[in-house]
Amino acid sequence: MKDLSIKQAEHFVRQELGEDATGHDWHHVDRVRRNALHICKNENAGDSFIIEMAALLHDIPDEKLNKTTDCGRAKLESFFKTIIISDEAKGHIEEIIYSISFKGGRRTELTSIEAQIVQDADRIDAIGAIGIARAFAYGGKKGQPIYDPALEVRDKMSLEDYRTGKSTSINHFYEKLLRLKDLLNTGTAKLMAEKRQQMMLSFLDQFYKEWDGQDL
């Protein structure tokens, strides 16, 4: 029954996010799922079914990807009505999904190892080479400039500022991406993040050299 629920979730997510152009497509979801299962196995912790389902469904109700927050929640609820799953498992999966978002850097207390693992898996996919590509895909879709020296990095942001405030794709590295390594929960994820963090720092160094004409 669990295997069937996983297959149904895969099909549902492919239908809903398969064509997304903001970096939240099916391939992102599948990478998060694989990251999460790797962390689960390496840490020898957590319920792998809960982790896999939460990883697969984590972006379905995301307010960035829905007309309204309520629309996103309704979409997730509708899916749960199509599968056979206990109320306890459903509640656990929902608790994970609604607690792991970055939301401008505000810390949300995670109540389970499963939530910590899925959050780590999602954040790992936001950094490194993949993270760089996703940052520019999202920035372009949102209509943000690549870089504008006149726009300062925002150190502290409300959720509204984070979602709708004016910024650039380069600023996003400082406002979120470079901060994620120190917000990871598990030892496995922290090790995975080391090389990816260095990749982003190297990219920024080269970007500024080219921007300023120092790479001629």
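Scroll up for the structure.
Reading the values: the criteria
Residues numbered from 1 in each chain as written. Predicted model: local features only at pLDDT ≥ 70, side-chain atom pairs only at ≥ 80, totals over all residues. Heavy atoms only, no water. Helix = DSSP H or I, 4+ residues; strand = E, 2+ residues; numbered from the N terminus. Rg over C-alpha atoms; globule rule 2.2 N^0.38 Å. Buried < 20%, exposed > 50% of the residue type's maximum accessible area, 1.4 Å probe, protein only. Contact = heavy atoms within 4.5 Å. Areas by Shrake-Rupley, 256 points an atom, 1.4 Å probe, with all protein chains shown as cover. Lys, Arg positive; Asp, Glu negative; His and termini not counted. Charge placed at Lys NZ, Arg CZ, Asp CG, Glu CD. Core = buried A, V, L, I, M, F, W, Y, C linked by side-chain atoms within 4.5 Å. Salt bridge = Lys/Arg side-chain N within 4 Å of Asp/Glu carboxyl O. Phe/Tyr/Trp six-rings, centres within 6.5 Å; stacked < 30°, edge-to-face > 60°. Axes fitted to C-alpha atoms, helices over the stretch in contact; angles between N-to-C directions. Parallel < 35°, antiparallel > 145°, perpendicular 65-115°, else oblique. Left-handed = near helix turned anticlockwise from the far one by under 90°. Nonpolar A, V, L, I, M, F, W, Y, C, P; charged D, E, K, R; others polar.

**Here's the deal with the overall build of the protein**
Move 1: Helices and strands together make up the secondary structure of the protein, namely 10 helices and 0 strands.
Move 2: Counted from the first residue to the last, the protein has its helices and strands arranged as α-α-α-α-α-α-α-α-α-α.
Move 3: Computed over its C-alpha atoms, the radius of gyration of the protein comes to 18 Å, within 12% of the 17 Å expected for a compact globule of 216 residues.
Move 4: Counting only C-alpha atoms, the protein reaches 60 × 35 × 30 Å along its principal axes.
Move 5: Evaluated residue by residue, the protein yields a buried proportion of 47% over its 216 residues.
Move 6: Counting contacts in the protein only where the partners sit at least 6 residues apart, residues at least 24 apart contribute 63% of the total.
Move 7: Of the roughly 11400 Å² that the protein leaves accessible, carbon and sulfur atoms contribute 49%.
Move 8: A gap of 1 Å separates the mean positions of the 31 positive and 36 negative side-chain charges of the protein.

**Topic: the environment of K156**
Move 1: Tracing the chain through its elements places K156 in the loop between α7 (128–142) and α8 (159–164).
Move 2: The class of K156 is exposed, set by a relative accessible area of 76%.

**Structural notes on the nonpolar core**
Move 1: By size, the foremost hydrophobic cluster in this structure holds 54 residues, and its most contacted members are V13, M53, L57, F79, F80, I93 and F173.
Move 2: Element by element, the count of residues in this core is highest for helix α3 (residues 48–57), at 8 residues.
Move 3: Each residue touching F173, except ones within four places of it in the same chain, is listed here: I132, A135, F136, L178, M200, F203 and L204.

**Regarding unusual backbone geometry**
Move 1: At N44, a position not held by glycine, the phi torsion is positive, near 50°.
Move 2: Here N44 lies in the loop between α2 (26–43) and α3.

**Overview of the pattern of salt bridges**
Move 1: According to the stated counting rule, one finds 14 salt bridges in the structure shown.
Move 2: K90 is the partner of E77 in a salt bridge, and the nearest nitrogen-oxygen pair spans 3.4 Å. In this pair, E77 sits in helix α4 (residues 69–80) while K90 sits in helix α5 (residues 87–97), placing the two residues 13 residues apart along the sequence.

**Comments concerning the packing of aromatic side chains**
Between two aromatic rings, the relevant description is the distance of the centres plus the angle of the planes.
Move 1: Going through the model one piece at a time under the given rule, you end up with 11 aromatic pairs.
Move 2: Measuring from centroid to centroid gives 6.1 Å for F136 and F173, while their planes differ by 50°, and the two rings are tilted. Here the residue F136 occupies a position in helix α7, and F173 occupies one in helix α9 (residues 169–175), the gap between them amounting to 37 residues.
Move 3: In this structure an aromatic cluster arises from ring pairing among F136, Y147, F173, F203, F207, Y208 and W211.

**Thoughts on the packing of α2 against helix α6 (residues 113–124)**
Any two packed helices are characterised by how steeply their axes cross, that is the angle between the axes, and by the distance between the axes.
Move 1: With their axes 8 Å apart at the nearest point, α2 and α6 run at an angle of 130° to one another. With respect to α6, the axis of α2 lies oblique. The hand of the α2/α6 crossing is right-handed. The segment α2 lies against α6, with H28, V32, N35, A36, I39 and C40 engaging I117, D120, A121, D122 and I124.
Move 2: Here the contact of α2 with α6 is composed, by residue class, of 7 nonpolar, 2 polar and 2 charged.

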